[in-house]
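Structure at a glance
Chain by chain, the residues run as shown.
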Amino acid sequence: LGRRWSAALSLFTTGVSMLICSALVDQWEAQAAVFMIGRFSATFAMNVGFLFIVEVLPTQLRGQGISLVNVMSMLAQMLSPYIVYSSVLSNIAPFLMMGLIGLLAAVPGLFLPETAGTSLPDSLEELEDFGRDERFFWVPVCGAKRRYRTTKDKSGAELGE
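My aim in this report is to walk through the structure given alongside it, one point at a time.

With respect to the overall build of the chain
Counting its regular elements, the chain contains five helices and two strands. Along the chain direction, N to C, the helices and strands of the chain fall in the order α-α-α-α-α-β-β. Among the 161 residues that make up the chain, the fraction classed as buried is 29%.

As for the nonpolar core
Counting residues in hydrophobic clusters, the biggest one holds five residues: Met18, Cys21, Leu24, Val34 and Phe95. Every residue in contact with Phe95, bar those within four places of it in the chain, is listed here: Met18, Leu19, Cys21, Ser22, Gln31 and Phe35.

Some thoughts on the environment of Val48
Topologically, Val48 is positioned in helix H2 (residues 28–56). A relative accessible area of 7% means that Val48 is categorised as buried. In this structure the C-alpha to C-alpha distance between Val48 and Gly2, which are 46 residues apart in sequence, comes to 9.6 Å. Excluding residues that lie within four positions of it along the chain, Val48 makes contacts with Arg3, Ser6 and Ala7.

Some words on the environment of Arg39
Mapped onto the secondary structure, Arg39 falls in helix H2. Sequence-wise, Arg39 and Met18 are 21 residues apart; in three dimensions their C-alpha atoms are separated by 9.0 Å.

Let's talk about a negative patch on the surface
Where like charges cluster on the molecular surface, the negative patch consists of Asp122, Glu125, Glu126 and Glu128. Inspection of the secondary structure assignment puts Asp122 in the loop between helix H4 (93–109) and helix H5 (124–129).

A short note on a nonpolar patch on the surface
A surface patch of nonpolar side chains, amounting to about 740 Å² of accessible area, comprises Leu68, Val71, Met72, Leu75, Met78, Leu79 and Tyr82. Among the structural elements, Leu79 can be located in helix H3 (residues 59–85). On the basis of relative accessible area, Leu79 is assigned to the partly exposed category, the value being 47%.

Re the side chain of Gln31
Counting through the fold element by element, Gln31 comes out in helix H2. Judged by its relative accessible area of 13%, Gln31 falls in the buried class. Among residues more than four places away in sequence, those in contact with Gln31 are Cys21, Leu24, Val25 and Phe95.

Concerning the packing of aromatic side chains
Counted by the stated rule, this structure contains two aromatic pairs. Ring geometry for Phe35 and Phe95: centres 6.4 Å apart, planes at 75 degrees, overall edge-to-face. Pair noted here: Phe35 is in helix H2 and Phe95 is in helix H4, with a separation of 60 residues, a long-range link. With a relative accessible area of 17%, Phe95 lands in the buried category. Ring centres of Phe40 and Phe44 lie 6.4 Å apart, and the angle between their planes is 20 degrees; this geometry places the pair in the stacked category.

Considerations on the packing of helix H1 (residues 2–23) against H2
One can describe the packing of H1 onto H2 by two numbers: an axis separation of 8 Å at closest approach and a directional angle of 155 degrees. Classified by the angle their axes make, H1 and H2 are roughly antiparallel. Both H1 and H2 take part in a crossing whose hand is left-handed. Looking at the contact of H1 with H2 residue by residue, the classes come out as 14 nonpolar, eight polar and three charged.

Calculation notes
Residues numbered from 1 in each chain as written. Predicted model: local features only at pLDDT ≥ 70, side-chain atom pairs only at ≥ 80, totals over all residues. Heavy atoms only, no water. Helix = DSSP H or I, 4+ residues; strand = E, 2+ residues; numbered from the N terminus. Buried < 20%, exposed > 50% of the residue type's maximum accessible area, 1.4 Å probe, protein only. Core = buried A, V, L, I, M, F, W, Y, C linked by side-chain atoms within 4.5 Å. Contact = heavy atoms within 4.5 Å. Patch = residues over 30% accessible without salt bridge, like charges linked within 9 Å, V, L, I, M, F, W, Y side chains within 5 Å. Areas by Shrake-Rupley, 256 points an atom, 1.4 Å probe, with all protein chains shown as cover. Salt bridge = Lys/Arg side-chain N within 4 Å of Asp/Glu carboxyl O. Lys, Arg positive; Asp, Glu negative; His and termini not counted. Charge placed at Lys NZ, Arg CZ, Asp CG, Glu CD. Phe/Tyr/Trp six-rings, centres within 6.5 Å; stacked < 30°, edge-to-face > 60°. Axes fitted to C-alpha atoms, helices over the stretch in contact; angles between N-to-C directions. Parallel < 35°, antiparallel > 145°, perpendicular 65-115°, else oblique. Left-handed = near helix turned anticlockwise from the far one by under 90°. Nonpolar A, V, L, I, M, F, W, Y, C, P; charged D, E, K, R; others polar.

Here it is as structure tokens:
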């Protein structure tokens, strides 16, 4: 699937499974099973995020990018007790909050460039144009032929593949 779709689909699966858990409050066995699917998807999304940062950022920024991701994950860890404590207000509040966060996080992930089958940027200049001409719905399993949008020059001839 590639990094972009793996990240977006795993975050979407996390969000949907947490919303399903909010509907299964009285059935703890089913809720535990669906929760484990959501937990697996969240862990998968986190791992894809770390891999994505290492692949996309050029060497000049890689250390700073990884540090920023680690700081954001620590911030999320510090805020997580408040999500758990929201169960005092309602039994379904933690599931609703995590479900909405998962669904909202899936959307920007779709707009990241795909890293499968391409040379990765080595400098800041290459990073500026990285993934700019890719089709939105392209998935690596579809093949490289339709990966890029075609552009026309002034005479009307198509450039690129």
